[in-house]
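Take a look at the letters that make up each chain.
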Amino acid sequence: MSDFLGGIFAALMALLPGGAGDAGGYPGYLEADYVYVAPVGAGRLVDVTVTEGEPVGLGDLLFAQDDAQQQALLKAALARRQSAEANLDNLTTGSRALEVDVIRASLAKARSDLALAQSNLARSEKLLAAGTTTQARVEQDRAALASAQAQVAQFTAQVGVAELPARNAQQVAAEAELEAAAADANRAQLDLRDRQTTAPVAGIVDRLFYSAGEIATAGTPVVSILPAGALKARFFVPEADRSALAVGGMVQVGCDGCTAMSARITYFASEPQTTPPVIYSKEERGRLVYLVEAELEAPGGLRPGQPVTVTR
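Calculation notes
Residues numbered from 1 in each chain as written. Predicted model: local features only at pLDDT ≥ 70, side-chain atom pairs only at ≥ 80, totals over all residues. Heavy atoms only, no water. pLDDT = per-residue confidence, 0-100. Helix = DSSP H or I, 4+ residues; strand = E, 2+ residues; numbered from the N terminus. Contact = heavy atoms within 4.5 Å. Salt bridge = Lys/Arg side-chain N within 4 Å of Asp/Glu carboxyl O. Buried < 20%, exposed > 50% of the residue type's maximum accessible area, 1.4 Å probe, protein only.

Draft legend 1. Looking closely at the confidence of the model for the chain. Here the chain averages 81 in pLDDT, while 82% of its residues score no lower than 70. Averaged pLDDT values for the elements of the chain fall to 47 in helix H1 (residues 2-15) and rise to 95 in strand E5 (residues 61-65). A low-confidence stretch, residues 8-22 stays under pLDDT 50, and its non-local contacts, those more than four residues away or across chains, total 30 contacts. Note that residues 276-281 has pLDDT below 50 and, in this model, 6 contacts with residues that lie over four places away or in other chains.

Draft legend 2. Up close: the pattern of salt bridges. Under the criterion given, the structure shown has 8 salt bridges. The partner of Asp33 in a salt bridge is Lys232, with the nearest N and O atoms 3.5 Å apart. Linking Asp33 in the loop between strand E1 (26-32) and strand E2 (35-37) with Lys232 in strand E10 (residues 231-238), this pair joins segments that are 199 residues apart in sequence. For Asp33, a relative accessible area of 51% puts it in the exposed group. On the basis of relative accessible area, Lys232 is assigned to the buried category, the value being 13%.

Draft legend 3. Quick look at the environment of Ser211. In this fold, Ser211 is placed in the loop between strand E7 (203-208) and strand E8 (215-216). Relative accessible area serves as the criterion here: at 44%, Ser211 is assigned to the partly exposed category. Sequence separation between Ser211 and Arg44 is 167 residues, and the spatial gap between their C-alpha atoms is 9.8 Å. For Ser211, the contacting residues outside a window of four places in its chain are Leu45 and Val48.

This is how it looks when you write it as structure tokens:
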């Protein structure tokens, strides 16, 4: 659109002998760089909270997409993170207190059985010396004593192992698992947050390209915003007046039915809009026009596409 209008204005200026001077002003039109807002991912629009022509502020909600899948993924990621935290805590602190108490109780019983086995063997040996028992009985009591000693040694070792933290390699693996689970949870939270799109700039809603219920694809604009202060005048200056204007200079922008407004020049084309012969004669230089852009300080309700006249 802007290139088409620019070509028309440039052609008209080229037809004028000597171009349009400052007395009559320079013809041009208003233009703005729109901000096109698109979703990060594809999804069905469940709500479009703005309407065309209404103002929006920075961070205002523009539209929301269905987030049922993202909610489920977030719950799963949080559960995995909780499981990884519990696993690391268990490896770091050793077995739970109740588990250690059970092993200690078993150790106490094994020690009691050991004391009984020692007493039985001592009595059997005395009876054997007195000739009132058999050698087989003594051998049985010795076997019972050996079994009781093995039980005590086993439960003593189990208590020691239960009270120890995990080995370094296991802890490193558990820490890595927790870190990965936390990263997945953070990503799931970001994906859920991206289902609601807010305004990246303040301005006026220009167009809505989708309605609630439709499926918007990733990267395809749903809303276009005309940012505040983005309106600018594009006009064409003949070669004879080129040296009178410069970037940063002030001009007056007027239109049919509106008062003149101040604008600051922000761009000055280095090449002309026409293509005359290589050697610029005086006659040919009079046909040259240069594109200039000036940002309006107070747009006053004007819209892009409005024809204007710019004066120094």
